[in-house]
Amino acid sequence: MLTKKQHDLLLYIHSCIDKNGVSPSFDEMKDALDLKSKSGIHRLIKALEERGFIRRIAHRARALEVVKMPGDVIPSAPPLRKAAGFTPSVIEGDGRRLAPTAVPLVGRIAAGTPITALQEEGEHVDVPGDLMAGGTHYALEVKGDSMINVGINDGDIVIIQHADTAESGDIVVALVDDEEATLKRLRKRGDTIALEAENDAYETRIYGANRVKVQGKLVSLMRRY
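Presented here is an overview of the structure given in this document. Being a predicted model, the structure only gives us computed values, none of them experimental.

**Remarks on the overall build of the chain**
Turning to step 1, where the next piece is worked out: When you go through the chain residue by residue, the secondary structure sums to three helices and twelve strands.
Turning to step 2, where the next piece is worked out: For the chain, the proportion of its 225 residues judged to be buried stands at 46%.
Turning to step 3, where the next piece is worked out: For the chain, contacts bridging at least 24 residues in sequence account for 62% of all contacts bridging at least 6.
Turning to step 4, where the next piece is worked out: Surface summary for the chain: the accessible area is close to 11900 Å², and the carbon and sulfur share equals 48%.

**Considerations on the packing of helix 1 (residues 4–20) against helix 3 (residues 38–50)**
For any two helices packed against each other, one specifies the crossing angle of their axes together with the interaxial distance.
Turning to step 1, where the next piece is worked out: Look at helix 1 against helix 3: their axes get within 10 Å of each other, and the N-to-C directions meet at 85 degrees. If you check the angle between helix 1 and helix 3, you find them roughly perpendicular. Listed contacts from helix 3 to Lys5, Gln6, Leu9 and Leu10 of helix 1 are Ile41, Leu44, Ile45, Ala47 and Leu48.
Turning to step 2, where the next piece is worked out: In terms of residue class, the contact of helix 1 with helix 3 is made up of seven nonpolar, one polar and one charged.

**Things to note about the pairing of strand 8 (residues 171–176)**
Turning to step 1, where the next piece is worked out: Extensive coverage of strand 8 is indicated by the burial of six of its six residues.
Turning to step 2, where the next piece is worked out: With burial as the criterion, each face of strand 8 is covered, one bearing Ile171, Val173 and Leu175 and the other bearing Val172, Ala174 and Val176.
Turning to step 3, where the next piece is worked out: Summarising the sheet, strand 8 and strand 9 (residues 180–189) pair through six bridges and their orientation is antiparallel. Opposite valine 173, over in strand 9, you have leucine 183 as the bridge partner.

Reading the values: rules and limits
Residues numbered from 1 in each chain as written. Predicted model: local features only at pLDDT ≥ 70, side-chain atom pairs only at ≥ 80, totals over all residues. Heavy atoms only, no water. Helix = DSSP H or I, 4+ residues; strand = E, 2+ residues; numbered from the N terminus. Buried < 20%, exposed > 50% of the residue type's maximum accessible area, 1.4 Å probe, protein only. Contact = heavy atoms within 4.5 Å. Areas by Shrake-Rupley, 256 points an atom, 1.4 Å probe, with all protein chains shown as cover. Axes fitted to C-alpha atoms, helices over the stretch in contact; angles between N-to-C directions. Parallel < 35°, antiparallel > 145°, perpendicular 65-115°, else oblique. Nonpolar A, V, L, I, M, F, W, Y, C, P; charged D, E, K, R; others polar. Pairing = 2+ DSSP bridges.

Shown next as structure tokens:
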């Protein structure tokens, strides 16, 4: 028998996989269950794994798979509520959607330790119009694994909407000290800016607000195999 929290978490994980194709991040699970820390999520996941309801998939981001559901659950049950976070639109392989637009691929962006990112424009990538928001866009190749918990992997091409402002919680291209750019979730904390990774192996970096410039906001990504 599952506790209510275990039961609710299993439903939420199943609904996210059913809707998005990937299990939710630990932050999304924490928010969905209104827990104060991710340690509670770790305990719930361990309990579900020990009871045979979920299993971990090695060497994959968001590596959870629902093995079975309780007998009182309809498999298509909706999530508890939508958790805050980025759910990327993904093109796999060489598929194309309607109305592609040539978007400049301007360099590489670190999803890890910041590196020089915005280089001179070179090649272009064809991006379907439904993967873009309003305004102008550019593309960057992701290097590193610090954003894997939101489905952004090393080698992905991220589509960035030009912007110089962002809301707290947005995933942005942030330029630090006019020298280094990185792809991170931005949090505003008074007169400071926190750049958060989506991988527990990386620390949150905190800067004075005047040291960080937003270069654009993440809207989608493309993946090559």
